[in-house]
Amino acid sequence: MSQQLKSKYDVIVIGAGPGGLAAASAAKENGADDVLMIDRDLELGGILLQCIHNGFGVEIFKEDLPGPSYAQHYIDKAREVGVDWLLDTMVLDVTRDRKIYATGTDHGFVELEADAVVMAMGCRERTRAQIKIPGPRPSGVYTAGTAQRWVNVEGYIPGKNFVILGSGDIGMIMARRVTFEGAHVARVLEVMPYLTGLSRNYVQCLLDFDIPLQLRHTVKRIIGNDRIEAVEAAQVDENWNYIPGSEEIIPCDTLLLSVGLIPENELSQKAGVALDLVTGGPFVDDGFQTNVPGIFAAGNVVHVYDLVDWVTTAGLTAGKRAAQFAQGYCNENPQYVPTAAGENVRYVVPQKIDPETLTEEQIMLQMRVTQPMEHAVSIEIHDGKNLIAKKRARYARPGEMASITLKGRDYDAVRQAEKLEVRIVPK
Amino acid sequence: MPVTEKMICITCPMGCTLEVTHEGETLLNVEGNTCPRGEKYVKEELTDPRRMVATTVKVKGGLHPLVPVYTQAPVPKPRIFELLAKIRQAEIEAPVEINQVVLEDPLGEGVNVIASRDLPEV
Ligand SMILES: Cc1cc2nc3c(=O)[nH]c(=O)nc-3n(C[C@H](O)[C@H](O)[C@H](O)COP(=O)(O)OP(=O)(O)OC[C@H]3O[C@@H](n4cnc5c(N)ncnc54)[C@H](O)[C@@H]3O)c2cc1C
Ligand code: SF4
């Protein structure tokens, strides 16, 4: 909706999924006059447009909405507050001093400038190349998200007899989806000893339709020349070695890979943004500002979220802080305190916080555990010597993000801390 | 003949594994539920299991050839494929508006099938 493109904006948001939509609306509502979203797709909404199943919005709307309905709420909001957008436009480059180079159908190649930038490019799927499945390279091997777009948006079904590798939510949801469209799902294989998606998806997508799941199993080899004809599946031991004699040939005409997501940060790196090797996303502070002043990040570019509701919440914070930066109000010299992953914790986001934020608002630390803990746990923040905050949870699992919130009353303790180490320990 | 089987409660993300003993639709015993909602879930699963259904409907003249739709409320699990067959036969015209009724009560259960997004005409 940006016919008269300006050359300079207060805030430019790259990506118009739930992270970008929330950031753009929040920037506008927090005083930024000119806010532009740029997306390479033809429509606003990001990946949610292809996630047609219910399960979105339970935290924010207390309603179980399909992905497109959830997106529409924030598309309407962006329109209402007067955000501009540029679609069918690919951002090619972003510089440290916040120049943006993009190319698209309406305006061709453009150079834009912004006082603050929010990176909201989402994530992409891991492919066959990243998990190194041996064998020939026939057609019929796709990532689950690509197949999701074909089936739900474009109206193609890529096969009749599927094997799905990975028990993540996208894989299980696609197993049900292709079953609804008359296809057969021969097997879901998961290399880990536990389900990586939600148990509700296991029940409603696999058990309901008698789709067999095998844990500790993977694809050892792909069989077929022009089109995939079968996979050779095998069981693995604790060291991920194939167990001899466990091999099984499973005939199929399509193999879907649901083997994880990677934050999309090529543009961030071009702008000099430093990445955390564990999350795959930028190091951010509590306002989602990266190490490059004025460049913020929101949503799945920061780390892979499990619930879209948290993507929206993060986007609102990033957009608000980007607007404040653009208008010149922000703490010029923050005395950051780093966070750190302690016992049983794989990573913590944000990686550093400005204690002064606690004088105005709460800060939620989000983390993932290293392995499933199926008993009551205590999520604790230590400064090295003392316990600063703790919270109880009934369990902790790698597939579900855990969190703990710092409040105004923690201000003194946080200001004096050298670090904030998060541990998740049995209760 | 009472039978004992495992079920997973999906009322909350905890997903407790329940050990359920029942005779047909009559529940005799539940173990493994962390809270009372587990028992309620099992009773519903034994007597009238229901699910939300989300799929797509063909559209003429729209930005995409399909529009996503879903049931306004859960429908009986044994009737899911009957519902899908009815939805597959439908074809609507663009433009489509979010929450527009695409099929009115196709199963006679008082549950409409509605669109989950706007789809502009092209
Ligand atoms: C295939 C797939 C399926 C998923 N399914 C589910 C699910 O079923 N349930 C669930 O809770 N979560 C699901 N997720 C997670 C989901 O991505 C997040 O919940 C949420 O959509 C993330 O929002 P986002 O705004 O960070 O990213 P996205 O929604 O991915 O939006 C990023 C946007 O940035 C745009 N973009 C990227 N690079 C550029 C560029 N260089 N120039 C211009 N535009 C660019 C993209 O076109 C896209 O519109 C899925 C993720 C994927 C990848
Ligand atoms: S029994 Fe209670 S705690 Fe367990 S999954 Fe069901 S609702 Fe959740």
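The coordinates are above.
None of the values given here were measured: they were computed from a predicted structure.

### Looking at the site of ligand 1
Residue and element names in this part refer to chain A.
Point 1. What surrounds ligand 1 is a group of 30 residues, the closest being G19, D39, H53, V91 and N300.
Point 2. One of the side-chain N or O atoms of D39 is found 2.6 Å from an oxygen atom in ligand 1.
Point 3. Between R40 and ligand 1, the recorded distance is 3.1 Å, taken from a backbone N or O atom to a nitrogen atom.
Point 4. Burial of ligand 1 by the surrounding chains reaches 93%, relative to a free accessible area of 980 Å².

### Quick look at a nonpolar patch on the surface
Residue and element names in this part refer to chain A.
Point 1. A cluster of nonpolar side chains, namely M90, L92 and F109, defines an oily patch on the protein surface of about 290 Å² accessible area.
Point 2. Locating L92 in the fold gives a position in strand 6 (residues 89–94).
Point 3. Residue classification places L92 among the partly exposed residues on the basis of a relative accessible area of 35%.

### Remarks on the sheet that holds strand 20 (residues 337–341) of chain A
Residue and element names in this part refer to chain A.
Point 1. The sheet built from five strands is open, its strands ordered 22-20-27-24-25 with mixed pairing. Taken across any chain shown, the strands that pair with only one partner, and hence form the sheet edges, are strand 22 (352–353) and strand 25 (387–393).
Point 2. Sheet topology note: the strand 20/strand 22 ladder contains two bridges and is antiparallel. Paired with V337 across the strands is I353, a residue of strand 22.

### Some details on the interface of chain A and chain B
Point 1. Chain A puts 31 residues into the contact, and the matching count from chain B is 28 residues.
Point 2. In this assembly, chain A packs against chain B so that about 2600 Å² is buried in total across both faces, 58% of it on carbon and sulfur atoms.
Point 3. Among the residues of chain A in contact with chain B, A:Q72, A:F180 and A:R394 are the three that bury the most area, contributing 22% of the side total.
Point 4. A salt bridge links A:D208 to B:K77; the nearest nitrogen and oxygen atoms lie 3.3 Å apart.
Point 5. Across the chain A-chain B interface, the total number found is 14 residue pairs in polar contact (both at pLDDT 80 or more).
Point 6. Taken together, the elements giving at least two residues each to the side of chain A that touches chain B come down to helix 2 (67–81), helix 4 (144–154), helix 5 (169–180) and helix 6 (199–206) of chain A.
Point 7. Its residues assigned to classes, the side of chain A that touches chain B comprises twelve nonpolar, nine polar and ten charged.

### Observations concerning the packing of helix 1 (residues 18–29) of chain A against helix 8 (residues 308–326) of chain A
All names here are of chain A.
Point 1. Contact geometry of helix 1 with helix 8 gives a least axis separation of 7 Å together with a crossing angle of 35°. Read as a crossing pair, helix 1 and helix 8 show a hand that is right-handed. Each of P18, G19, A22, A23, A26 and A27 in helix 1 lies in contact with helix 8, whose residues at this interface are V308, V311, T312, G315, L316, G319, K320 and A323.
Point 2. For the contact of helix 1 with helix 8, a count of residues per class yields nine nonpolar, four polar and one charged.

Cut-offs applied
- Residues numbered from 1 in each chain as written.
- Chains lettered and ligands numbered in written order.
- Predicted model: local features only at pLDDT ≥ 70, side-chain atom pairs only at ≥ 80, totals over all residues.
- Heavy atoms only, no water.
- Near = heavy atom within 4 Å.
- Polar contact = N/O pair within 3.5 Å; in protein donor to acceptor, adjacent residues only side chain to side chain.
- Areas by Shrake-Rupley, 256 points an atom, 1.4 Å probe, with all protein chains shown as cover.
- Patch = residues over 30% accessible without salt bridge, like charges linked within 9 Å, V, L, I, M, F, W, Y side chains within 5 Å.
- Salt bridge = Lys/Arg side-chain N within 4 Å of Asp/Glu carboxyl O.
- Helix = DSSP H or I, 4+ residues; strand = E, 2+ residues; numbered from the N terminus.
- Buried < 20%, exposed > 50% of the residue type's maximum accessible area, 1.4 Å probe, protein only.
- Pairing = 2+ DSSP bridges.
- Contact = heavy atoms within 4.5 Å.
- Buried area = accessible area lost by both parts, 1.4 Å probe.
- Nonpolar A, V, L, I, M, F, W, Y, C, P; charged D, E, K, R; others polar.
- Axes fitted to C-alpha atoms, helices over the stretch in contact; angles between N-to-C directions.
- Left-handed = near helix turned anticlockwise from the far one by under 90°.

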